[in-house]
Each structure stands twice: as C-alpha cells, then as structure tokens.
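Examining the three-dimensional arrangement
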Amino acid sequence: MIRRIRLWATQWWRILRRPSTHFSLGFLTLGGFIAGVVFWGAFNTVLEAANGEAFCTSCHEMHDNVYEELKSTIHYSNRSGVRATCPDCHVPHNWTNKIARKMQASKEVWGKIFGTIDTRAEFLERRLELARHEWARLKANDSLECRNCHNFAYMDFTRQSPRAGRIHAQWLGSGGGEGGKTCIDCHKGVAHRLPDMAGIPQG
Amino acid sequence: MNRILFSVLLLVTVLIPARAQDPNADAPARPESEYRSLDALRRGAPLTAEPAAAPMARVENTDLRRQRNWPDQPPTIPHSIDGYQLDRNANRCLLCHARANASTFQAPMVSVTHFMDRDGQMLAQVSARRYFCNQCHVVQTDAKPLVASDFIDVDHVLQIAGER
C-alpha cells in the first residue's frame, strides 16, 4: 500500500520536475494557456460572487445591523430605482485596488469565524472605529467611490436645490487635499446611521 | 317532562339575543348627503364609499425664507430634510446651522435663544432643551388646506385691537 503510493508520488514528481520529457511542447504551451484562461475565469467568477449585496448580507452581523440602516436611505430605494449596493461604495472598482481590499478582507473573515463582532452590543461598541476607517479611506481617495456614480463634471447644478447647487459648485471642485472638501466631509451618514459624533468634525 | 323544559329553556336563551342584535334595523336609512361633511379628510366622499388615497404632497425645497406670523415663531424649514439623522448620536441640522459652520454653508445660525438655558443664562453650545430641532421646526408641503382658516398674524391683531 505504502509502496504503491510512493511509486505514484515519485512518478508525479518526475513529471513535475521535467515535464518536457513527458509532454509535447504544444500540449504544454496551449494546455497551459487554456488552463490559465479557465483559472482566470474561475477566479474572477468567485471574486464577483463574493462581491455582491447577497454575499455581504449573508452574515447576520451585516444583515441585521448595517443593511437594516441602509433600507431607509436614498441609496436603497429612490425615485429612479438606481441604487447602490455594498461593493459600489465599499470596494474599489479598479482591479488592483479591489484585489488589495480583498486581501485586507481576510481580517474580516477571521472576525467572522472568531466572532469579533457577533452581537449588537459589540457592533455598537466598534461602530465609531469602523466608521472612522471608512471615512479615512474615502477622504484619502477623494471620495472616489462616490464619484464613480456622482460625477462632478456632469452635475447639473440648476437641477439641484439652490443651496445644494451653491455648495457643490463651491466645494466639490476643490479636491480632497488640505482645506479642500470631498463628498464624505459633509455626507457622512448618507447610507448608514451615524455613530456617536461627539468631537468629530463635520462639514 | 324535565327534558322538554330544558330544551324550551335552551331555545329561549338562543332566540332572545338573536332578536336583540340590531336595534336600528327597522329605522329608515339616512340620506347620503348627510355623510358628506363628516370629516374633511375624506374630501367629500360619502361614508359608504372608500375613496382612493390622495397623492402625497411634495415638500417645498425652494430655500426661500417664509414670513413668520409673530416674532418668535420658529421659522419653517425652507428645504427638504429627507433622511436627516437627528438623535443622540448626530444632529444633521447643526452640520450647517451651527455657529461654527454657518459661514461655510451660508446657513442662518441657530438663534441666540438656542444657547440659553432655562434661566436665560448664555451657554457656549446649543442648549440641550433646543437640541431636537423638529420639535418646533417643520417643513411645508404643497398640500391644499382641507379646512378654511381665519388665522391672522400679530400685526393684524394689534391693528384690530388699536381700532377698538
């Protein structure tokens, strides 16, 4: 039994070390290419499957806390029915940034497995910290996820209410740097409820 | 004999409530016109009909200040406040209307009365008794008034009092 396994293992190892002595060039190159295509497709399919509202809200922590809060906001249900789901705001759209965020998400997988934020009480305790992460992320990238849909260059200020048009025209073009304002500076809490905001500058 | 008495008693206890159920069954039906002015919310539909709901009124979002009817009337809100969070955690109104932010957003600062405690002492921040804006300040919609109003503002009241 062990001898048969060892025989099989040594055979496989030989093929792995020197494949060109066992397989043709055509098989190795074309087969490798096709296998690569299949792998890439499978990889991205799984990535997108883990990137949707259904997946994100499959955890009770998300479903009962932040998703419930989203339901009363304009990003969930509005006049036109054009809505934002979890990845639209929380996952970068650009592929490299998305992969980076997905690698960071392994921490969230750990948290799910070990129950870091299992109960409502734990969630409320950590809300401010979690919110701060997101505000910092959006401030750093000049609210890129907001601008993916709400493109400043194509905003029609005449169709906004007077004060909204005035404020957007004045502040949105200033960039997100020092002294400039970006979407998240004023629109904190646009999708989920705000945590205790004592001491946090707004606007 | 006992069995007959029992069944007669049973019959009587069943029939008497059955006859007493509808005291007005023999009264004449009321004319429909009498129902029309029962409640202005029904918008003239008779009580026997179930009218369709009126379309929801839109909030006025013009940012134009409206006239106050007496000097310390809480001004009505000239813009929409949909989704504005106003609880212990956050006060969306104060984001624009706080003293520190009013110049950034060109919004009227909350009046000085909002910084006074109940003894009239001036505080540095908005007093807790004035924190929940919606207790006094409301938006206006374009809903048609259902009932006529003969309200007159304080100037007219003084004028009429002066003429007496």
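Residues numbered from 1 in each chain as written. Chains lettered and ligands numbered in written order. Predicted model: local features only at pLDDT ≥ 70, side-chain atom pairs only at ≥ 80, totals over all residues. Heavy atoms only, no water.

**Observations concerning the interface of chain B and chain A**
Formally: What makes two residues a contact is simply this: any of their non-hydrogen atoms within 4.5 Å. Defined in terms of a 1.4 Å probe, buried area is the accessible area two parts forfeit on being brought together, summed over both. Polar contacts here mean pairs of N or O atoms no more than 3.5 Å apart (in protein, one a potential hydrogen donor and the other a potential acceptor; neighbouring residues in sequence count only if both atoms are side-chain atoms). Three residue categories are used. Nonpolar comprises Ala, Val, Leu, Ile, Met, Phe, Trp, Tyr, Cys and Pro, charged comprises Asp, Glu, Lys and Arg, and polar comprises the others, including Gly.
Tallying the contact residues gives 16 residues for chain B and 15 residues for chain A. It is B:Gln85, B:Asn89 and B:Phe105 in chain B that bury the most area against chain A; as a group they hold 35% of the surface buried on that side. At the boundary of chain B and chain A, one finds eight residue pairs in polar contact (both at pLDDT 80 or more). Broken down by class, the residue content of the side of chain B that touches chain A amounts to four nonpolar, nine polar and three charged.

**Section: the layout of surface pockets**
Residue and element names in this part refer to chain B. Here is the rule: With a 1 Å grid laid over protein atoms only, a set of points is called a cavity when a 1.4 Å probe fits there but cannot get out and a pocket when it is open yet has protein on both sides within 12 Å along at least five of seven lines; lining residues have an atom within 4 Å of a point. Grid points are joined across faces, edges and corners, and a volume is the space filled by probe spheres set on the points. In this text, helices come from DSSP runs of H or I with a minimum length of four residues, and strands from runs of E with a minimum of two, each type numbered from the N-terminal end.
Volume-wise, the second largest pocket comes out at about 1,100 Å³. Along its surface, the second largest pocket is lined by 42 residues, and Pro75, His97, Pro108, Met109 and His137 are the ones closest to its centre. Looking at the lining of the second largest pocket element by element, the count peaks at five residues for helix H2 (residues 92-97).

**Digging into the pattern of salt bridges**
All names here are of chain A. What counts, and what does not: Here a salt bridge means any side-chain nitrogen of Lys or Arg lying within 4 Å of a carboxyl oxygen belonging to Asp or Glu. Burial classes: relative accessible area under 20% of the type maximum marks a residue as buried, over 50% as exposed, and values in between as partly exposed (1.4 Å probe, protein chains only).
Counted under the stated rule, the structure contains 14 salt bridges over all chains. Between Glu69 and Arg127 there is a salt bridge, with the nearest N and O atoms lying 2.8 Å from each other. Of this pair, Glu69 sits in helix H4 (residues 60-70) while Arg127 sits in helix H8 (residues 120-140), and the two are 58 residues apart along the sequence. There is no split in this pair, since Glu69 and Arg127 are both buried. Between Glu145 and Arg137 there is a salt bridge, and its shortest N-O distance comes to 3.0 Å. One salt-bridge network, held together by shared partners, links Glu134, Arg137 and Glu145.

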